[in-house]
Amino acid sequence: MIVSESDLAAMSALALAHVGDAVYELLVRTELCRAGRLTAGQLHRETVRYVAAPAQAKAALKLLPRLTEQEAAVYRRGRNAHGHAAPKAASPQEYHAASGLEALFGWLYLRGDNERARELFNAVWEDD
């Protein structure tokens, strides 16, 4: 999908994170399915482990040095967005970092830069 730069700039950080949450989870699910034969229950548990806010916050820290200035600005925009309260399983810092990561992946997807999204995801996935 390609959304114009002006539309992306007008979109809220939480809207970008909403899309990015799905994009990031789809990348995780794809890799888990490619990695081997897991039962549906195992796939679900592993997916949750990777997409939970603490894991996404850890992934964000790994990616920060790799981001362009524009990507880092999108990440900060998502991290600084004021959404609902953090989930009980995550600290507020982890929740905000995870929101930044999701905003970044949503922004990349919506601008049609799936190759860059995959490149960044692979950098996190290969380290795990």
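Quick caveat: nothing in here was measured; it's all calculated off a predicted structure.

Draft legend 1. Structural context of the nonpolar core. Residues Tyr24, Val28, Leu63 and Phe105 are the most contacted members of the largest nonpolar core, which totals 33 residues. Broken down by secondary-structure element, the contributors of at least two residues to this core are α2 (13-35), α3 (40-51), α4 (53-63), α5 (69-79), α6 (92-110) and α7 (114-127). At 8 residues, the largest contribution of residues to this core is made by α6. Residues in contact with Leu63, not counting those within four places in the same chain, are Leu101, Phe105, Leu120, Ala123 and Val124.

Draft legend 2. Fine view of the pattern of salt bridges. Summed over the entire model, instances satisfying the criterion amount to 8 salt bridges. Notably, a salt bridge pairs Glu31 with Arg118, separated by 2.9 Å at the nearest N-O pair. With Glu31 in helix α2 and Arg118 in helix α7, this pair connects stretches of sequence that are 87 residues apart. Classification of Arg118 by relative accessible area gives partly exposed; the value is 25%. One salt bridge in this structure joins Glu119 and Arg116, with 2.7 Å as the shortest N-O distance. You can see Glu119 and its partner Arg116 sitting in helix α7, 3 residues apart, about one turn around the helix. Here the residues in one salt-bridge network are Glu5, Arg111 and Asp113, joined through shared partners.

Conventions adopted
Residues numbered from 1 in each chain as written. Predicted model: local features only at pLDDT ≥ 70, side-chain atom pairs only at ≥ 80, totals over all residues. Heavy atoms only, no water. Core = buried A, V, L, I, M, F, W, Y, C linked by side-chain atoms within 4.5 Å. Buried < 20%, exposed > 50% of the residue type's maximum accessible area, 1.4 Å probe, protein only. Helix = DSSP H or I, 4+ residues; strand = E, 2+ residues; numbered from the N terminus. Contact = heavy atoms within 4.5 Å. Salt bridge = Lys/Arg side-chain N within 4 Å of Asp/Glu carboxyl O.

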